[in-house]
Amino acid sequence: MHLQRSIGAKLLLFWLFSAVAALAESGRPDLILPGTQPMEHAFAFRPVANCKLCHAGTTNGLADPFLSWQGSMMGQAARDPVFRAALAVANQDLPGSGEYCIRCHSPRAWLEGRSTAPDASALKEDDLNGVSCDVCHHLVDPLSEEAKKLAKDVPPGRGDGMMVVDTERSQRGPYDEPKGMKMHGIRQSAYQGSSELCGTCHNVSNPTLATNVALQPPHAFGHIERTYSEWALSDFATKGNLRSCQSCHFAPVPGGGMAMKRASNYGDGHRDYFVSHNAVGGSTWVQDAVYRLWSHRDLDRAALDAGKEHAREFLKTAAALGVQAREGKVLVTITNLTGHKLPTGYPEGRRMWLNVRFLDKDSSVIYEYGAYGETNALLSGTQVQVPTLLDPTTTRVYECKPGISQSRCAKFQQSPGPSFHFILNDLITKDNRIPPRGFRNVAFAEHLAAPIGATYADGQYWDVVEFPFPKEIKDPARPVVRVEVRLMYQSVSWEYLKFLVEQNHTDSWGKKLYEAWTATGKCAPSEMAVSARRLGGD
């Protein structure tokens, strides 16, 4: 009996040693998370070209299923040069960690076993289509009883790309039987229309900071992104006010639409409930960079332009501005109209700020807070002229800034404080983003999403900022007659782009990103809201 235990223990130790040795040799960190595993099932996803055969060229205009998806950042998630440059830096910081990123940016590649090259060099042509049709329409609620039959280890919570996949050749969605061509089965599933599906890749934590990824839900460690938590803890998720992610980001088409481009013996393909698949967000620049860098391959310029325009208009629905001018100061109130923090999402390089202009009778600017313009900077030792926020300390900038703690910085030879090294970061140094309606401090703190460096009362989903009249404007010969306030948003700041360029020492994606950035408008900020007030009355 003791001999058997001894042999068993030795075999276990040998197996563990071999596994660790193999892991070290491959250069991949131990980032194995629950859910469907690569190659767990003998299953291959259909290429998007198959979907295009029937779901492109419909009569829905810009809401055409294939065109709207192709113009989205979901469809371009694996081509995105910002992602590619960040992937290279992550692999430098922690060799092999890029595989963790690929699982959300190209889930087909990950599930079919082509993410073992963590720099994404093993991705096939169709893997570049990012979050593809077949993947989303095969996902199963990972916390359901059904998931337990499809995956050996089900996730402990929603997030970190821990997905469970149905291996049947049926597309899951709001309908249980197609009215159009019978090219594949249809299985009715409420999950495809739920925020919980979005939470799979929009609640992201650093798994190297977990104590046990099999037991800890993603919101309990290593904050990288908390968009799903922000929604789940807001009034938007409550029964009486329920608005899912899809309610805003996959807007329904009035009167419904055509699921396919032609009628068939099964019916005309009309859906009373029909949505654009644009998955609209706040990106108004990356589409141009993608088109330039990938030589137009498998890309539709019209679809990308439509995605950009949709994002510009969508940003204008996110906030309301109130402006008062009195007693030598301007009071600005920003109200968050979204179901998550404003702004939300992957935090690095993403920011929102107030631009306040004091104008004379000719509408010329006398003084300006939050000005955006050209400045001289150094890039890899070379002086360049670049656009950025010129006076961030005199206006209100809303952002989340991750960082590295004092206790962790020596291990990775980094300086403590704010940092763009997302795979090394272990804390949040600043998060003054405006909470959503229904905000509660205790609940957000439990999800590691509490405000940092800002104070919001329970229930507060707005912020008030005071701007004093600067002494520079007190010129009797040129009086100020109007104050104009704009809320600005930028998805990739110059400071973050500089980091991605200078820190990339292993491949060309930093240089490619900079080239595309300089040739395609340098990610100019978008106007989210504008309000003006005349001094002495409206």
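What you see is a predicted model; the values in this text were computed from it and never measured.

The rules behind each value
Residues numbered from 1 in each chain as written. Predicted model: local features only at pLDDT ≥ 70, side-chain atom pairs only at ≥ 80, totals over all residues. Heavy atoms only, no water. Pairing = 2+ DSSP bridges. Helix = DSSP H or I, 4+ residues; strand = E, 2+ residues; numbered from the N terminus. Axes fitted to C-alpha atoms, helices over the stretch in contact; angles between N-to-C directions. Buried < 20%, exposed > 50% of the residue type's maximum accessible area, 1.4 Å probe, protein only. Arc of directions from axis to C-beta. Parallel < 35°, antiparallel > 145°, perpendicular 65-115°, else oblique. Left-handed = near helix turned anticlockwise from the far one by under 90°. Contact = heavy atoms within 4.5 Å. Salt bridge = Lys/Arg side-chain N within 4 Å of Asp/Glu carboxyl O. Disulfide = S-S within 2.5 Å. pLDDT = per-residue confidence, 0-100. Core = buried A, V, L, I, M, F, W, Y, C linked by side-chain atoms within 4.5 Å. Phe/Tyr/Trp six-rings, centres within 6.5 Å; stacked < 30°, edge-to-face > 60°. Lys NZ or Arg CZ within 6 Å of the ring centre and 35° of its normal. Polar contact = N/O pair within 3.5 Å; in protein donor to acceptor, adjacent residues only side chain to side chain.

Draft legend 1. The sheet that holds strand 10 (residues 329-336), seen in detail. Spatially, the 3 strands line up as an open sheet ordered 9-10-19, and their pairing is antiparallel. Looking at the sheet topology across the chains shown, the edges are occupied by strand 9 (319-326) and strand 19 (462-468). Ignoring which end each strand starts from, the neighbouring axes of this sheet average 15° apart. Both strand 10 and strand 19 contribute to a ladder of 7 bridges, which runs antiparallel. When the bridges of strand 19 are listed, Thr335 appears paired with Trp462.

Draft legend 2. Structural detail: helix 17 (residues 509-519). Taken together, the buried positions of helix 17 are Trp509, Gly510, Leu513, Ala516 and Trp517. The buried residues of helix 17 occupy one face: seen down the axis, they fall within an arc of 130°. At the C-terminal side of helix 17, Gly521 shows a positive phi close to 95°.

Draft legend 3. The packing of helix 4 (residues 81-93) against helix 16 (residues 494-503), seen in detail. Across the interface, helix 4 lies against helix 16 with an axial gap of 9 Å and an inter-helix angle of 55°. Relative to helix 16, the element helix 4 is oriented oblique. Relative to helix 16, helix 4 is oriented so that their crossing is left-handed. Contacts between helix 4 and helix 16 involve Val82, Ala85, Ala86, Val89 and Gln92 on the former and, on the latter, Tyr496, Phe499, Leu500 and Gln503.

Draft legend 4. The pattern of salt bridges, seen in detail. Taken as a whole and assessed by the stated rule, the structure comprises 34 salt bridges. Here Glu466 ties to Lys329 by a salt bridge, and the two come within 3.6 Å at their closest N and O atoms. Of the two residues, Glu466 sits in strand 19 while Lys329 sits in strand 10, which places them 137 residues apart along the sequence. We note a salt bridge from Asp463 to Arg396, for which the minimum N-O separation is 2.7 Å. A residue pair is termed long-range when its members are at least 10 positions apart, and Asp463 in strand 19 and Arg396 in the loop between strand 14 (382-389) and strand 15 (397-398) qualify at 67 residues.

Draft legend 5. Fine view of the pairing of strand 20 (residues 482-490). Counting buried residues along strand 20, 8 of its 9 residues qualify, which places the element largely inside the surrounding structure. Bridge analysis of strand 11 (residues 351-359) against strand 20 gives 9 bridges, and the strand direction is antiparallel. By the bridge assignment, Val356 is partnered in strand 20 with Val485. Judged from the 8 bridges that link them, strand 20 and strand 21 (residues 526-534) form a sheet pairing that is antiparallel. Residue pairing across strands places Arg482 opposite Arg534, the latter belonging to strand 21.

Draft legend 6. Structural context of the state of the cysteines. Within the structure shown, the criterion is met by 1 disulfide. With no disulfide partner, Cys133 has as its closest neighbouring cysteine sulfur the one in Cys51, 3.9 Å distant. Residue class for Cys133 comes out buried when judged on its relative accessible area of 17%. Looking at Cys523, it has no disulfide partner, and the nearest cysteine sulfur is the one in Cys400, 18 Å off. We classify Cys523 as buried; its relative accessible area is 2%.

Draft legend 7. Broad picture of the confidence of the model for the protein chain. Mean pLDDT over the protein chain works out to 91, with 92% of the residues at or above the 70 mark. Counting interchain partners and residues more than four positions distant, the pLDDT-below-50 stretch residues 1-28 has 9 contacts.

Draft legend 8. Focus on the nonpolar core. Membership of the largest hydrophobic core comes to 53 residues, with the highest contact counts inside it found for Val82, Trp285, Trp494 and Leu500. Put simply, the parts of the chain that give this core at least two residues each are helix 4, helix 5 (98-105), helix 12 (286-293), strand 13 (372-379), strand 14, helix 14 (406-412), helix 16 and helix 17. Apart from residues no more than four positions distant in its own chain, Leu500 is found in contact with Val82, Ala85, Ala86, Val89, Gly510 and Leu513.

Draft legend 9. Focus on the side chain of Ser72. On the secondary structure map, Ser72 appears in the loop between helix 3 (65-70) and helix 4. A residue is classified by how much of its surface remains accessible, and Ser72, at 2% relative accessible area, is buried. If sequence neighbours within four positions are ignored, Ser72 has contacts with His277, Asn278 and Ala279.

Draft legend 10. Here's a closer look at the sheet that holds strand 18 (residues 427-431). Pairing within the open sheet is antiparallel, and its 3 strands lie in the order 17-16-18. Unpaired on one side and paired on the other, strand 17 (417-418) and strand 18 mark the two borders of the sheet.

Draft legend 11. Highlighting the packing of aromatic side chains. For the structure on display, the rule yields 17 aromatic pairs. Arranged with centres 5.8 Å apart and planes meeting at 20°, the rings of Trp353 and Tyr372 form a pair that is stacked. With Trp353 in strand 11 and Tyr372 in strand 13, the pair connects residues that are 19 residues apart, well separated along the chain. Clustering of aromatic rings is evident, with ring pairs tying together Phe358, Tyr367, Tyr369, Phe467 and Phe469. A cation over a ring is seen here: Arg103 above Trp110, with NZ or CZ 4.0 Å from the ring centre.

Draft legend 12. Quick look at the environment of Ala122. As for its position among the elements, Ala122 is in the loop between helix 6 (107-111) and helix 7 (133-136). Ala122 sits in the partly exposed class, given a relative accessible area of 33%. Along the primary structure Ala122 and Ala109 are separated by 13 residues, whereas in three dimensions their C-alpha atoms are 8.5 Å apart. Those residues in contact with Ala122 that lie beyond four places of it in its chain are Arg114, Ala117 and Asp127.

Draft legend 13. Fine view of the environment of Asp507. With respect to the helices and strands, Asp507 occurs in the loop between helix 16 and helix 17. In this structure the C-alpha to C-alpha distance between Asp507 and Pro470, which are 37 residues apart in sequence, comes to 48 Å. In this structure the side chain of Asp507 is engaged in a polar contact, spanning 2.8 Å, whose partner is the side chain of Asn504.

Draft legend 14. The arrangement of unusual backbone geometry in detail. Here the amide bond leading from Leu342 into Pro343 is cis, since omega sits at -5°, within 30 degrees of zero. Mapped onto the fold, Pro343 is located in the loop between strand 10 and strand 11. Despite not being glycine, Asp298 has its phi angle at roughly 55°, a positive value. Here Asp298 shows up in the loop between helix 12 and helix 13 (301-315). Here Lys522, not a glycine, exhibits a phi torsion of approximately 60°, which is positive. Secondary-structure assignment places Lys522 in the loop between helix 17 and strand 21.

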